[in-house]
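Fold and geometry: a report
Given next are the chains, with one letter for each unit.
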Amino acid sequence: MCRHVALWLVPAILLVACRERAQQPSSQRQTETPPTAAPADVSHGEAPVGVGAEPAPIDPVAPARSTSRLHRLRINISHTKVPIAAGVTYDAWTFDNRVPGPVLRVTQGDTVDFTLVNRSPMPHSLDFHAAEIAPNRAYRNLMPRDSIHYRFVARVPGAFMYHCGTAPVALHIANGMYGAIIVDPRQGRPAAREFVFVQSEFYTKVLGDSTRAIDWDKLLGLAPDYVVFNGRAAVYAKYPIRVQVGEPLRMYVVNAGPNRFSAFHVVGAIFDRVFQDGSLAHPLEGVQTVTVPVGGGAIFETRLVEAGTYPFVSHAFADATKGAVGMFEAQSGAMPAGETRRQR
Ligand SMILES: [Cu+2]
């Protein structure tokens, strides 16, 4: 199984790397050290090793559930450059200087006391799918240096998207303005190792300084360069997520898009339960792949039955090839407390 998976992923990982290289300016390509031939620089077949330093990936572990009934949340909007693939930096519009924005977690019935501050040079906003509220009041555009404050009660449990709603919305989402908010049911869910994956796309063109920015024609043409989990192409294939054989796993998957549906699947596993949008009513049981629509979410529960590496993908395989792939590394026996990712 492991061997099969490893060989299966090599072309996808290499294709991502080759596309990144092909889209770099020629001046940059000339200064690079030519890559050594695969599979010599491939560890277990799933991830290149020996590359230069790059920022750590976003920790995929879900934040702990809070016992507070009132959550004072504050998000700052800013424009900053973020890594979206190995060696690729993007000129992003962000919530709290990261893409996706921070994972928020509250419990059904809790009050969210929310403040949004615009520290960018242009109008933005924030639309909570977990809220029931008048958009013209809460989701209005904020001018630079403006802020807004309001409260809402998170009445419905689930895995919800939040995003900038300023027109054109596709542009603001494609530039990185989205995130996930988990609303736990009041009675909680069974204990499990919990992860959050936000799927999204990047449509890029190369700027003079070799960073990337939005390519509007690619966006309208539905032709992303990268489809990613948690903001960076294939990052958890490079840094596999360690879990233990047999332990319950729960994945909160939110699809920010702005265009591509997700066909979420874990190779080598079958989902025990899938809660579409996180609704407790009528979970799917014993299913292989479930669609997560753009602007939607789902909660996936499974276990991995033996030691090995288990890719998780969007089974729309052009998107997996463009980076919508990660890896669980299931181990038998005890694992050091708090460890989730392989450290290199
Ligand atoms: Cu915006």
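Refer to the structure above for everything that follows.
Scope of this entry: the structure provided in the associated data block. (Residues numbered from 1 in each chain as written. Predicted model: local features only at pLDDT ≥ 70, side-chain atom pairs only at ≥ 80, totals over all residues. Heavy atoms only, no water.)

Glancing now at the packing of aromatic side chains. Aromatic rings considered in pairs are described by the distance between their centres and by the relative angle of their planes. The final tally for this structure, using the stated rule, is 20 aromatic pairs. Ring geometry for F114 versus Y150: centroids 5.7 Å apart, planes at 65 degrees, classification edge-to-face. Taken together, the residues F114 in strand β6 (residues 111–118) and Y150 in strand β8 (residues 147–153) connect sequence positions 36 residues apart. On the basis of relative accessible area, Y150 is assigned to the buried category, the value being 4%. Geometrically, the ring pair formed by F264 and F312 is tilted, given 6.3 Å between the ring centres and 45 degrees between the ring planes. One end of the pair, F264, is in strand β17 (residues 262–266); the other, F312, is in strand β22 (residues 308–314), and 48 residues separate them in sequence. Exposure class is identical for F264 and F312. Each is buried. Ring pairs connect the aromatic residues F195, F197, F229, Y236, F264, F271, F300, F312 and F328, which therefore count as one cluster. (Phe/Tyr/Trp six-rings, centres within 6.5 Å; stacked < 30°, edge-to-face > 60°. Helix = DSSP H or I, 4+ residues; strand = E, 2+ residues; numbered from the N terminus. Buried < 20%, exposed > 50% of the residue type's maximum accessible area, 1.4 Å probe, protein only.)

Moving on to the side chain of D127. In this structure, D127 sits in strand β7 (residues 127–128). Buried within the structure, D127 lacks any salt-bridge partner; R137 is the closest side chain of opposite charge, at an N-O distance of 13 Å. Ignoring anything within four residues of it in the chain, the contact list for D127 reads Y139, M161, Y162 and H163. (Lys, Arg positive; Asp, Glu negative; His and termini not counted. Salt bridge = Lys/Arg side-chain N within 4 Å of Asp/Glu carboxyl O. Contact = heavy atoms within 4.5 Å.)

Glancing now at the sheet that holds strand β21 (residues 296–302). In space, the 6 strands of this open sheet follow the order β14-β11-β16-β21-β18-β19, with mixed pairing throughout. If you trace the sheet from one side to the other, it starts and ends with β14 (226–229) and β19 (284–287), each paired once. Within this sheet the neighbouring strands show an average axis-to-axis angle of 25 degrees, counted without direction. In this structure, strand β11 (residues 193–202) lies alongside β14, joined through 4 bridges in antiparallel fashion. Each residue of the ladder has a partner; that of Q199, found in β14, is F229. (Pairing = 2+ DSSP bridges. Axes fitted to C-alpha atoms, helices over the stretch in contact; angles between N-to-C directions.)

Next up on the list: the environment of Y162. Checked against the element boundaries, Y162 lands in strand β9 (residues 158–163). A C-alpha to C-alpha distance of 7.0 Å links Y162 and I181, two positions 19 residues apart in sequence.

Our focus in this paragraph is the pattern of salt bridges. Enumeration over the complete set of coordinates arrives at 18 salt bridges. Here D209 and K81 are joined by a salt bridge, their closest N and O atoms 4.0 Å apart. Of this pair, D209 sits in the loop between β12 (204–206) and β13 (212–214) while K81 is found in strand β3 (residues 70–85), placing the two residues 128 residues apart along the sequence. Under the relative-accessibility criterion, D209 is labelled partly exposed at 45%. As a salt-bridge pair, E329 and R242 come within 3.4 Å of each other at their nearest N and O atoms. Highlighted residues: E329 in strand β23 (residues 325–331) and R242 in strand β15 (residues 241–244), separated in sequence by 87 residues. Connected through salt bridges with shared partners, the residues R105, D184, E194, R250, R273 and E301 form a single ionic network.

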